[in-house]
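Observations on the three-dimensional arrangement
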Amino acid sequence: MRTLQRTLAIIKPDAVSKRAAGHIVSMILENGFNIIGVKMLHLTKEQAEGFYAVHAGKPFFHSLANFMSSGPCVVLALEKEGDAIPAWRKLMGATNPANAEEGTVRKRFAESIERNAVHGSDAEDTARWELSYFFAGYELAK
Ligand code: ADP
Ligand code: MG
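Here goes a summary of the coordinates provided.

So, how was this worked out
Residues numbered from 1 in each chain as written. Chains lettered and ligands numbered in written order. Predicted model: local features only at pLDDT ≥ 70, side-chain atom pairs only at ≥ 80, totals over all residues. Heavy atoms only, no water. Salt bridge = Lys/Arg side-chain N within 4 Å of Asp/Glu carboxyl O. Helix = DSSP H or I, 4+ residues; strand = E, 2+ residues; numbered from the N terminus. Buried < 20%, exposed > 50% of the residue type's maximum accessible area, 1.4 Å probe, protein only. Near = heavy atom within 4 Å. Polar contact = N/O pair within 3.5 Å; in protein donor to acceptor, adjacent residues only side chain to side chain. Areas by Shrake-Rupley, 256 points an atom, 1.4 Å probe, with all protein chains shown as cover. Nonpolar A, V, L, I, M, F, W, Y, C, P; charged D, E, K, R; others polar. Pairing = 2+ DSSP bridges. Axes fitted to C-alpha atoms, helices over the stretch in contact; angles between N-to-C directions. Arc of directions from axis to C-beta. Contact = heavy atoms within 4.5 Å. Core = buried A, V, L, I, M, F, W, Y, C linked by side-chain atoms within 4.5 Å. Phe/Tyr/Trp six-rings, centres within 6.5 Å; stacked < 30°, edge-to-face > 60°. Lys NZ or Arg CZ within 6 Å of the ring centre and 35° of its normal.

**Observations regarding the pattern of salt bridges**
- For the structure on display, the rule yields six salt bridges.
- For R6, the salt bridge goes to E79, with nearest N and O atoms at 3.2 Å. Placement of the pair is R6 in strand 1 (residues 4–11) and E79 in strand 3 (residues 73–81), with a sequence separation of 73 residues.
- For E79, a relative accessible area of 12% corresponds to the buried category.
- Linked through salt bridges whose partners overlap, the residues forming this network are K18, E111 and R115.

**Here's the deal with the site of ligand 1**
- Every residue lining ligand 1 is accounted for by K12, Y52, H55, F60, L64, R89, T95, R106, I113, E114 and N116.
- The separation between an oxygen atom of ligand 1 and a polar side-chain atom of H55 is 3.0 Å.
- The backbone of E114 places a nitrogen or oxygen atom 2.8 Å from an oxygen atom of ligand 1.
- When the free accessible area of ligand 1 is taken as 530 Å², the share hidden by the protein chains comes to 77%.
- Split into classes, the residues belonging to the shell around ligand 1 amount to four nonpolar, three polar and four charged.

**Considering the sheet that holds strand 2 (residues 34–41)**
- Read across the open sheet, the four strands follow the order 2-3-1-4; overall the sheet is antiparallel. Each end of this open sheet is capped by a strand with a single partner; those strands are strand 2 and strand 4 (118–120). Adjacent strand axes in the sheet meet at a mean angle of 20°, parallel and antiparallel pairs treated alike.
- With seven bridges joining them, strand 2 and strand 3 adopt antiparallel strand pairing. Along strand 3, the bridge assignment pairs I35 with L78.

**What to know about helix 7 (residues 124–134)**
- Within helix 7, the full set of buried residues consists of A127, E130, L131 and F134. Down the axis of helix 7, the buried side of the element spans an arc of 100°, and every buried residue falls inside it. For helix 7, exposure combined with an orientation more than 90 degrees from the buried face picks out D125 and R128.
- Buried residues in helix 7 make contact with strand 1, strand 2, helix 3 (45–51), strand 3, helix 5 (84–92) and strand 4.

**Quick look at the nonpolar core**
- Counting 22 residues, the largest nonpolar core has I11, I24, F33, W88, V105 and V118 as its most contacted members.
- Looking at this core, the elements that each hand over two or more residues are strand 1, helix 1 (13–17), helix 2 (21–30), strand 3, helix 5 and helix 6 (105–109).
- Apart from residues no more than four positions distant in its own chain, V105 is found in contact with I24, M27, W88, L91, M92, A110, A117 and V118.

**A word on the side chain of S121**
- Checked against the element boundaries, S121 lands in the loop between strand 4 and helix 7.
- Here T7 takes part through its side chain, which lies 3.4 Å from a polar atom of the side chain of S121.
- Here L8 takes part through its backbone nitrogen, which lies 3.2 Å from a polar atom of the side chain of S121.
- With sequence-adjacent residues up to four places away left out, S121 is seen in contact with T7, L8, I85, R89, T126, A127 and E130.

**A few points about the packing of aromatic side chains**
- What the rule picks out here adds up to seven aromatic pairs.
- Here F33 and W88 contribute two aromatic rings whose centre-to-centre distance is 6.3 Å and whose plane-to-plane angle is 85°, an arrangement assigned as edge-to-face. A residue pair is termed long-range when its members are at least 10 positions apart, and F33 in the loop between helix 2 and strand 2 and W88 in helix 5 qualify at 55 residues. Considered together, F33 and W88 belong to a single accessibility category, that of buried residues.
- Grouping aromatic residues by their ring pairs yields a cluster made of F51, Y52, W129, Y133 and F134.
- One Lys or Arg, K80, reaches over the ring of F33 and ends 5.5 Å from the middle of that ring.

By themselves, these are just geometric observations and shouldn't be taken as functional.
This is the structure:
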């Protein structure tokens, strides 16, 4: 049986401001993901803190929320047969671009461990929660 898995991707403000969003969308499509929802948003600091609430209390939390609300980002709902969540994380590359593999989005576009170009959900439950943070059910293409 074919099962489609969904995940949430964000092209972060650093990548949008350097005009890399189109290239990153091309990489997503070339790697077999369907884009079933997309919106460009300039998050408030409160909205960024809400999205990253799991990291509240970590030393980088406030800086991360400031960065994520510093300019527009592009939020994407992705779907892929079988394994969208790990497949998108593999294509993103390691959180710290110093450790990111050749051919990954972060190797190519990330500037630092904070300004690292993209976000991806890390598990099925977080993907569901993150998708619902940005998209209502009717906004996702069938
Ligand atoms: P990922 O985005 O790879 O899932 P995490 O969930 O650990 O990584 O962290 C969320 C985001 O917080 C990272 O993508 C990055 O922007 C930022 N971040 C993580 N660790 C650090 C750090 N040590 N210093 C600064 N920013 C960080
Ligand atoms: Mg994470």
